[in-house]
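Observations on chain architecture
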Amino acid sequence: MSREIKGVLFDLDGVLVDTAKYHFIAWKQLAESLGIDFTESDNERLKGVSRLASLEIILSIGNVSLSDTEKEAAMKTKNDNYVAMISQMTPGGILPGALNLLMELREAGIKTALGSASKNAPIILERTGLGEYLDSVVDGNRTSRAKPDPEVFLLGASDLKLNPEECVVFEDAEAGIEAGIAGGMLTVGIGSAEQLGKADALYPDLKGVSWEMIKKELAG
Ligand code: B16
Ligand code: MG
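Quick look at the structure, then.

Quick notes on the rules
- Residues numbered from 1 in each chain as written.
- Chains lettered and ligands numbered in written order.
- Predicted model: local features only at pLDDT ≥ 70, side-chain atom pairs only at ≥ 80, totals over all residues.
- Heavy atoms only, no water.
- Helix = DSSP H or I, 4+ residues; strand = E, 2+ residues; numbered from the N terminus.
- Buried < 20%, exposed > 50% of the residue type's maximum accessible area, 1.4 Å probe, protein only.
- Near = heavy atom within 4 Å.
- Polar contact = N/O pair within 3.5 Å; in protein donor to acceptor, adjacent residues only side chain to side chain.
- Areas by Shrake-Rupley, 256 points an atom, 1.4 Å probe, with all protein chains shown as cover.
- 1 Å grid on protein atoms, 1.4 Å probe; cavity = no way out; pocket = protein on both sides within 12 Å on 5 of 7 lines; lining within 4 Å.
- Sits in = over half its atoms within 2 Å of the grid points.
- Nonpolar A, V, L, I, M, F, W, Y, C, P; charged D, E, K, R; others polar.
- Domains from an automatic or database assignment.

**Section: the environment of E126**
Mapped onto the elements of the fold, E126 is located in helix α6 (residues 121-128). Assessed through its relative accessible area of 62%, E126 is described here as exposed. For the pair E126 and S87, spaced 39 residues apart in the sequence, the C-alpha separation amounts to 9.3 Å.

**Some remarks on the site of ligand 1**
Around ligand 1 lies a shell of 18 residues, among which G48, V49, S118, K119 and N120 are the nearest. At a separation of 3.5 Å, an oxygen atom of ligand 1 approaches a polar side-chain atom of S54. The side chain of N120 places a nitrogen or oxygen atom 2.7 Å from an oxygen atom of ligand 1. Burial of ligand 1 by the surrounding chains reaches 98%, relative to a free accessible area of 470 Å². Placement of ligand 1 is best described as lying within the largest pocket. Residues that form the shell around ligand 1 fall into these classes: 5 nonpolar, 7 polar and 6 charged. Taken domain by domain, the makeup of the shell around ligand 1 includes at least three residues from each of domain 1 (7-18 + 92-219) and domain 2 (20-86).

Keep in mind these numbers describe shape, not what the thing actually does.
Rendered as structure tokens:
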């Protein structure tokens, strides 16, 4: 049975922008300072994961243990480095197809919200101009429970004054799709079926993907 969709909740990294490459550079530098070899394939495990959980994954790869104070210092070093990079972003950092879709949604009267784990979302939205196309922003500064907990998306739906079942979640991480499902929303995966097979619709990226196409796919 098809449902009337009135709102779209977007993950940030991996859906609207590619900030994973900056996370990778900053985490790799930190890992090297701790004598840990950290590869691009290891970096895949950090997508959609919180800052502390990301550090814990890197430490476990290198079999290194740090005190809580040392972890705080390591996260600060990484984040300062990451913020220096995203502070140079421009609208050119928006992923192909994302802006077009946001403009179509605005035209169609569909409300939009951000649902990101990142505490740095405000800088990214400001630098890329994406903030103008979002009716609400829910990020790591407003949430206490990480995806797959649905908190981030439930807050977004509530900001938009919509019921969860009137919303669709766009996500590139398996935990994000699980969060959308747990929240009672429809889900669109951006990536591979291998990781996002549970999503109601799936696209490798947003290039050439229109709102009409998505609606048909979700209704079918
Ligand atoms: P920060 P998303 C996530 O963004 C990233 O995918 C993940 O790699 C990062 O650790 C997390 O944000 C926290 O980011 O360190 O900037 O607070 O995919 O939820 O938009
Ligand atoms: Mg993501």
